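Now for the letters of each chain:
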Amino acid sequence: RGVWHFDGADWQRLGRDGGLPGWSVRSLLHAGNGDLWVATDAPSRLSRLRAGEWVAVPGPEGLGPIRALAEGPDGCIWAGTANGEILRVEDGRLVNQLAAERELPFLSVRDLHATGDGSLWVGFAWDGIGCLKDGGFHQFTTAHGLQDDYVSQLISDDRGGLWVAANRGLFRFKVEELLAVARGESTQVRCRAYAQGEALPSLQPSRNNSPSSWRRRDGRLCFAMLNGLVVVQPREVRDEPPKPQVAIEKVTLEGRAIARYAGDAYWPNSGGVKLPALAGPDVELEIPADHQQLAFHVAALSFSSPENVYFRYRLDGHDGDWIQTQDEALVKYPHLKAGNYEFRVAASNGSGTWTQAVARVRLR
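Residues numbered from 1 in each chain as written. Predicted model: local features only at pLDDT ≥ 70, side-chain atom pairs only at ≥ 80, totals over all residues. Heavy atoms only, no water.

Description of the nonpolar core
Here comes step 1: Membership of the largest hydrophobic core comes to 26 residues, with the highest contact counts inside it found for Ile 248, Phe 343 and Val 345.
Here comes step 2: When residues of this core are traced back to their parent elements, those giving at least two are β22 (245-253), β25 (293-301), β26 (310-316), β28 (330-334), β29 (341-348) and β30 (359-363).
Here comes step 3: If you look at the next biggest cluster of nonpolar residues, it comprises 22 residues, including Cys 131, Leu 146, Val 175 and Leu 179. (Core = buried A, V, L, I, M, F, W, Y, C linked by side-chain atoms within 4.5 Å. Buried < 20%, exposed > 50% of the residue type's maximum accessible area, 1.4 Å probe, protein only. Helix = DSSP H or I, 4+ residues; strand = E, 2+ residues; numbered from the N terminus.)

Here is the structure:
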């Protein structure tokens, strides 16, 4: 039904009869200089409204449906399409920015978000998050710590955080951690999830229209969901939630328990004997040399949802460094060589700080 303008008193509709290429509008962008950029379907076009006149912006042949628009701090206008194209307006034309940098096309671009440092953040369907900065492109997926690769909305807060609305709910990252991965200084980012595990309803974000998220003047963030409007107050979100307590629940050998946290009770598959108590301060277990698989079952005691609990563990004498995982509660070691070892595990609520009192058990 075209573009509708409200001046405070009356409504005015702008459509094909006034120069708009089509009636079906997917994306709107009100630029800093007062221009209105409009992306339409059937045909897939980008148009600019300035001083009451429409100007069509030519694009490359086979331009996909434009689903997202953004303006960079330098005034550059960006567009993302359902075909995975990321384009910029240059000399009155749409130019594909990444056409020569990637052999396989991205899946659908669902959102674009520009930040003051010159970064353009891209939300993809299935391909996670992209970042175009200083002429280079970097991609982040669940392999780097994202909770979901189906990203529909992106918006930054005024505290250095990037909020992501995806198929599995709402998540927040620290922008600096993402950029550290892009610079090769880190391999993982930590995120804070706000989903059903935090007693929220199922949140499915709206997509394929832009803008579908917005930052208000007071710093609050608004996200359009299929079942309502989500409003976030980032200034009331704690960056340092309480660190969880961590424990080794049990140790199994060939699938049979040989030790458990509380040793004053019988474990069902222990053969009817008391097991060593892992809660003790100085626990040592003797493992036969011909064992096939040793496993540690760990748990974090936290009031946070499981999506926000991270573990890191290390078997001294075997592992060269700490190994970080998110929801891995079972750690396995097959065919350990003869020797002395110590298994240690710590936990975090995604804030970057780990419990000082780690759970541990020595092995011989």
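Further notes follow.
Quick notes on the sheet that holds strand β14 (residues 136-140)
Here comes step 1: Strand order in the open sheet formed by four strands is β11-β12-β13-β14, with antiparallel pairing between adjacent strands. Only two strands of the sheet have a single partner each, and these edge strands are β11 (109-114) and β14. Averaged over all pairs of adjacent strands, the angle between strand axes in this sheet comes to 20°, irrespective of strand direction.
Here comes step 2: Note that β11 and strand β12 (residues 120-124) share five bridges and pair antiparallel. Across the sheet, Val 109 pairs through a bridge with Phe 124, a residue of β12. (Pairing = 2+ DSSP bridges. Axes fitted to C-alpha atoms, helices over the stretch in contact; angles between N-to-C directions.)

Looking at the sheet that holds strand β5 (residues 45-50)
Here comes step 1: Across the sheet, which stays open at both edges, the four strands sit in the order β3-β4-β5-β6 with antiparallel pairing between neighbours. Of all strands in the sheet, those bounded by a partner on one side alone are β3 (24-30) and β6 (53-57). Between one strand axis and the next, the sheet turns through 25° on average, direction left out of account.
Here comes step 2: Where strand β4 (residues 36-41) and β5 come together, five bridges link them in antiparallel fashion. For Val 38, the partnering residue across the bridge sits in β5 and is Ser 47.

Some details on the pairing of strand β16 (residues 161-166)
Here comes step 1: Burial analysis of β16 places six of its six residues in the buried class, the great majority of the element.
Here comes step 2: Pairing of strand β15 (residues 151-156) with β16 involves five bridges; the strand directions are antiparallel. Looking at β16, one finds that Ser 156 is bridged to Leu 162.
Here comes step 3: The pairing of β16 with strand β17 (residues 169-174) spans six bridges and is antiparallel. Note on β17: the bridge partner recorded for Ala 165 is Leu 170.
Here comes step 4: The hairpin formed by β16 and β17 contains two residues between the paired strands.

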